[in-house]
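If you want the building blocks of each chain, they are given just below.
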Amino acid sequence: MSGIDSALARNRAFASAGGHQGAVVFPNLRLFVITCLDPRVDPAHFLGLDLSDAIVVRNVGGRVTTEVINDVAFITQLAENAVPEGPLFEVAVIHHTQCGSGALADDGFRHLYAVRIRANQSALRMNAVLDPGVTVACDVEALRSASAISSRVLVSGHVYDVTTGRVHTVASADEGDGL
């Protein structure tokens, strides 16, 4: 049985048990998580999230890119229609230890990857997560300063330690609270 066949069998069990019933579009925890696509870093597990608890965006390194800012801005636009005042939701940027995106700091790897995806090598170097505390703080600032994102969106930054399973906060949401 292939990986997708196994996953589809799990989906049939999920649907038969009604696991999808009661799911809502706007997250129950008013939480938007940005994290890495590394399979060791699944926020449903390390944060104990259930269906509809949070919006989750995953990419290489869990970095805040233009596309991620646009995604947060889209959800902001939707939330502003539903929540007339006060905080809309919190964005939690979560980087992790032992991140594979560190390979982007290696000149040889970065060159071959840049050729493969037709990208600028120097831009790729900026996405390497070598010190997750530093990169998460940088990404929190990128979100807080993005003109497309309302000051009613709270932003926090965290580091997940893949060895201990613990998350520690680098930047709390109230540090940048403009409300």
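What counts and what doesn't
- Residues numbered from 1 in each chain as written.
- Predicted model: local features only at pLDDT ≥ 70, side-chain atom pairs only at ≥ 80, totals over all residues.
- Heavy atoms only, no water.
- Helix = DSSP H or I, 4+ residues; strand = E, 2+ residues; numbered from the N terminus.
- Rg over C-alpha atoms; globule rule 2.2 N^0.38 Å.
- Buried < 20%, exposed > 50% of the residue type's maximum accessible area, 1.4 Å probe, protein only.
- Areas by Shrake-Rupley, 256 points an atom, 1.4 Å probe, with all protein chains shown as cover.
- Pairing = 2+ DSSP bridges.
- Contact = heavy atoms within 4.5 Å.
- Axes fitted to C-alpha atoms, helices over the stretch in contact; angles between N-to-C directions.
- Phe/Tyr/Trp six-rings, centres within 6.5 Å; stacked < 30°, edge-to-face > 60°.
- Core = buried A, V, L, I, M, F, W, Y, C linked by side-chain atoms within 4.5 Å.

Explain the overall build of the protein to me, please; I cannot follow it from the model alone.
Counting its secondary structure elements, the protein contains 6 helices and 5 strands. In sequence order, the secondary structure elements of the protein are arranged as α-β-α-β-α-β-α-α-α-β-β. Relative to the globule expectation of 16 Å for 179 residues, the C-alpha radius of gyration of the protein, 18 Å, shows essentially globular dimensions. If one aligns the C-alpha atoms of the protein with their principal axes, the spans along those axes are about 50 × 50 × 35 Å. Here the protein, with 179 residues, has 38% of them falling under the buried criterion. Only carbon and sulfur atoms are counted for the fraction: they give 54% of the accessible area of the protein, which is about 10200 Å².

Looking at this model, I keep getting lost on the pairing of strand β4 (residues 153-160). Mind explaining?
For a regular strand, side-chain orientation follows a simple rule: the groups alternate between the two sheet faces. Counting buried residues along β4, 8 of its 8 residues qualify, which places the element largely inside the surrounding structure. Residues of β4 alternate between two faces, with Val153, Val155, Gly157 and Val159 on one and Leu154, Ser156, His158 and Tyr160 on the opposite face, all of them buried. Bridge analysis of strand β3 (residues 89-96) against β4 gives 8 bridges, and the strand direction is parallel. Paired with His96 across the strands is Tyr160, a residue of β4. Taken together, the 4 bridges between β4 and strand β5 (residues 167-171) define a ladder with antiparallel strand orientation. Bridge pairing in β5 links Tyr160 to Val167.

What is the right way to read the environment of His96 from this model?
Within the element layout of this structure, His96 appears in strand β3. Separated by 93 residues in the primary sequence, His96 and Gly3 place their C-alpha atoms 25 Å from one another. Excluding residues that lie within four positions of it along the chain, His96 makes contacts with Cys36, Asp38, Arg40, Val41, Val129, Pro132, Val159, Tyr160 and Val162.

Just checking my understanding: could you explain the sheet that holds strand β1 (residues 31-36) for this structure?
Whether parallel or antiparallel, the strands of a sheet pair through hydrogen bonds between backbone atoms. Read across the open sheet, the 5 strands follow the order β2-β1-β3-β4-β5; overall the sheet is mixed. Two strands close off the open sheet at either side, each with one partner strand: β2 (54-59) and β5. In this sheet, neighbouring strand axes are inclined to one another by 25° on average, regardless of whether the strands run parallel or antiparallel. As defined by bridge partners, β1 adjoins β3 across 5 bridges and the pair is classed as parallel.

For this particular structure, what's the right way to read the packing of aromatic side chains?
What describes a pair of aromatic rings is the distance from one ring centre to the other and the angle between the planes of the rings. As enumerated under the stated definition, the model contains 3 aromatic pairs in all. Taking 4.2 Å as the distance between ring centres and 15° as the angle between the ring planes, the aromatic pair formed by Phe46 and Tyr160 counts as stacked. You can see Phe46 sitting in helix α2 (residues 43-46) and its partner Tyr160 sitting in strand β4, a full 114 residues away along the chain. Residue classification places Phe46 among the buried residues on the basis of a relative accessible area of 16%. Judged by its relative accessible area of 8%, Tyr160 is buried. When the centroid spacing of 6.1 Å and the interplanar angle of 25° are considered together, the rings of Phe109 and Tyr113 count as stacked.

What should I look at first to understand the nonpolar core in this one?
The nonpolar side chains of a soluble globular protein tend to be buried with one another. Ranked by internal contacts, the top residues of the largest apolar core, which has 23 residues, are Phe32, Ile34, Val72, Phe89, Val91, Val93 and Leu143. Per-element accounting of this core gives the leading share, 5 residues, to helix α3 (residues 66-82). Discounting chain neighbours no more than four positions away, the residues touching Ile34 are Val57, Gly62, Arg63, Val64, Val68, Val72, Val91, Ala92, Val93, Ile94 and Leu143. By size, the runner-up hydrophobic cluster in this structure holds 9 residues, among which are Leu31, Leu49, Tyr160 and Val162.

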